[in-house]
Amino acid sequence: MKNLSELHKFLFDGLPVRGMVVRLTDAWQDILKRRTANTETGAYPEPVTQLLGQMAAAAVLMQGNIKFNGALVLQVFGDGPVKLAVAEVQPDFSLRATASLQGDVPLAASLSQMVNQNNEGRCAITLDPLDRMPGQQPYQGVVPLFGDRKEKLEKLSEVLEHYMLQSEQLDTTLVLAANHEVAAGLLIQRLPLEGSGNLAGSYGSAERESALGQSEDYQRISILSKSLQAEELLSLDIDTVLHRLFWQEPLLRFEPLQGAQGPRFACSCSRERVGRMIRSLGAPEAESILAERGQIEVGCEFCGAQYEFDPVDAAALFTSPEAMPTPGAELH
Ligand SMILES: [Zn+2]
C-alpha cells in the first residue's frame, strides 16, 4: 500500500478554503521507466524530469478540482530545447505524460532556459469532454510563461496560479516538486463566496467585512503552504505534511483516493487509433512511406508501444468501408 500513488482532499472547517495533496509514486515511476526504455529517446534529462513530474502532479490536482467528465490536458509549448511537454489526466485519475526535446538541456537548466528563452513559451490547459460531438472543440485556456511585468516566471506553480486566477477568478496556491521517485503537489484554494460572481458590487459593509476576514484566513493558510519545502513534499508522507503545515487549523479530511480510484498510469493509445491517423495522412503519403521503408511504424510517445503496418495492413486501412479520411484525427 505504501508505494501507491494517492490523492487526498480536505477542507478547512468553517473557512472558505479547501485543499488537495497528490503524491505520485508508482504512476510516476512507470512513466519514467517507459521513457528510459525507449531506445530512440533515452531517459529525460534531470530538469525535464522535474518539470514533467510537476506537470503530472499539477494536472491531477486540477482534474481533482473540477467537476468535469473529460480529459484534462496540461501542455507547455516551449521555445527552447523542450518543444512540448504534456500531462493528461482522465476523470478516473488515470494519467500519462511525455515531453519532446530538441537539442541539449543543460543539467541545471531553469524553466525559462527549457521552455521560455524568448518569452514566447505558452502553457495551455485543455478540457476535452469524453462525450464530445464531432466538430465540437474542446475548451482551452492559454497563458504565457511571464508575469504581469513580462518577467519570465521560473516556477510552473506561478504560471498555473496565474491561470487559475485569470480563468476561474480563484485564488490558488500551488507547491509542486518532482524527482526520479516522486511527483507531488499541494493545492490550496479560496472558495468563491456564495453568489459573489454577480453580486460582488451589491455587498453590504458587513458582508464585505466578512469577505475580507475570510480572505485573511486564505492568506494565512497560503503562507503556511508556501513554507513547505520541495524536499519535505517529496520525502514525507501526506499525513505528516498536513500535520506539519496545518496542525493549528481545523482540517476535515476525506477518504484518500488510491489504487483503482486513485492516480495511476494508463495510456489510451490503440492500433485502431493509429490506423485512423494513417488514414488521415491519405493513401499517397502512406504509399510513399511504404515504398521507402517497407512498412509504416508508429511509436506511442506516452507508453512506448510500437505499432507496425505492413503493405497488406495499410491497404486494408484504405479499402475498408470506414476508409474515409478523418480530418484532424490525431494519435491519442
Ligand atoms: Zn501509448
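Residues numbered from 1 in each chain as written. Predicted model: local features only at pLDDT ≥ 70, side-chain atom pairs only at ≥ 80, totals over all residues.

**Student:** Describe the overall build of the protein, listing the residues and the values that go with them.
**Tutor:** For the protein, the helix and strand inventory stands at 11 helices and 14 strands. Taken over 332 residues, the protein has a buried fraction of 33%. (Helix = DSSP H or I, 4+ residues; strand = E, 2+ residues; numbered from the N terminus. Buried ≥ 20, exposed ≤ 12 C-beta atoms within 10 Å, placed from the backbone.)

**Student:** Tell me about the sheet that holds strand E6 (residues 122–129), and name the residues and values.
**Tutor:** Strands sit in the order E7-E6-E3-E4-E5-E12 across an open sheet of six strands; the sheet is mixed. The open sheet terminates on both sides in strands that have one partner only, identified here as strand E7 (139–144) and strand E12 (264–265). Sheet topology note: the strand E5 (residues 94–101)/E12 ladder contains two bridges and is parallel. The residue of E12 that forms the bridge with Ser94 is Arg264. (Pairing = 2+ DSSP bridges.)

**Student:** Give a detailed account of helix H2 (residues 46–65), specifying residues and quantitative values.
**Tutor:** An ideal rise of 1.5 Å per residue puts 28 Å on 20 residues; H2 measures up with 29 Å between its terminal C-alpha atoms. A large share of H2 lies buried, amounting to 16 of its 20 residues. (Expected span 1.5 Å × (residues − 1).)

**Student:** Tell me what's going on with the packing of helix H9 (residues 271–281) against helix H11 (residues 311–319), and back it up with residues and numbers.
**Tutor:** Where H9 meets H11, the closest approach of the two axes is 10 Å, and the angle between their N-to-C directions is 75 degrees. As the angle between them shows, H9 and H11 are arranged roughly perpendicular. Here H9 contributes Gly275, Ile278 and Arg279 to the contact with H11, which in turn contributes Ala314, Leu317 and Phe318. (Axes fitted to C-alpha atoms, helices over the stretch in contact; angles between N-to-C directions. Parallel < 35°, antiparallel > 145°, perpendicular 65-115°, else oblique. Contact = placed C-beta atoms within 7 Å.)

**Student:** Give a detailed account of the pairing of strand E8 (residues 172–178), specifying residues and quantitative values.
**Tutor:** Across the seven residues that make up E8, a large majority, seven, are buried. Residues Thr172, Leu174, Leu176 and Ala178 of E8 are buried on one face, and the alternating residues Thr173, Val175 and Ala177, pointing to the opposite face, are buried as well. The hairpin formed by E8 and strand E9 (residues 183–190) contains four residues between the paired strands.

**Student:** Describe the nonpolar core, and please don't skip the residues or the numbers.
**Tutor:** Counting residues in hydrophobic clusters, the biggest one holds 65 residues, and the most contacted among them are Met55, Ala56, Ala57, Ala58, Ala59 and Val60. Looking at this core, the element that brings in the most residues is H2, giving 11 residues. With residues near it in sequence (within four places) discarded, Ala58 still touches Leu74, Leu156, Leu160, Leu174, Leu176 and Gly185. Val274, Ile296, Phe309 and Leu317 belong to the second largest nonpolar core, which has eight residues in total. (Core = buried A, V, L, I, M, F, W, Y, C linked by C-beta atoms within 7 Å.)

**Student:** Report on the environment of Val21, specifying residues and quantitative values.
**Tutor:** Relative to the helices and strands, Val21 is located in strand E2 (residues 17–24). With 25 C-beta atoms counted inside 10 Å, the residue Val21 sits in the buried group. Each C-alpha atom of the pair Val21 and Ala184 lies 7.4 Å from the other, and the pair is 163 residues apart in sequence. When residues no more than four places from it in sequence are discounted, the contact partners of Val21 are His8, Leu186, Ile238, Val241 and Leu242.

**Student:** Can you explain unusual backbone geometry? Please cite residues and give values.
**Tutor:** One non-glycine residue, Phe93, lies in the positive phi region at around 70 degrees. Here Phe93 lies in the loop between strand E4 (82–89) and E5. Although it is not a glycine, Lys150 adopts a positive phi angle of roughly 65 degrees. Take Lys150: it is sitting in the loop between E7 and helix H4 (156–168). Lys150 gets classed as exposed once you count the C-beta atoms within 10 Å, which come to 8.

**Student:** So what's going on with the confidence of the model for the protein? Residues and values would help.
**Tutor:** Of the residues in the protein, 89% reach a pLDDT of 70 or more, and the chain-wide mean stands at 90. Taken as a whole, residues 195–202 scores under 50 in pLDDT and shows zero contacts with residues more than four places along the chain or in a different chain. Throughout residues 328–332 the model reports pLDDT below 50, and contacts reaching past four residues in sequence, or to other chains, amount to 12 contacts. (pLDDT = per-residue confidence, 0-100.)

**Student:** So what's going on with the pairing of E2? Residues and values would help.
**Tutor:** Along E2, seven of the eight residues are buried, which leaves the element largely enclosed by surrounding structure. Direction of pairing for strand E1 (residues 6–12) relative to E2: antiparallel, over a ladder of six bridges. Within E2, the residue paired with Glu6 across the bridge is Arg23. The antiparallel hairpin formed by E1 and E2 contains four residues in its connecting segment, where Gly14 sits at a positive phi of about 80 degrees. The pairing of E2 with E9 spans eight bridges and is antiparallel. Following the sheet pairing, Gly19 is matched in E9 by Ile188.

**Student:** Which residues make up the environment of Leu101, and what are the values?
**Tutor:** Its location among the elements puts Leu101 in strand E5. Taking the C-alpha atoms as reference, Leu101 lies 8.8 Å from Gly80; in sequence the two are 21 residues apart. Apart from the residues lying within four places of it in its own chain, the contact partners of Leu101 are Val48, Pro81, Val82 and Lys83.

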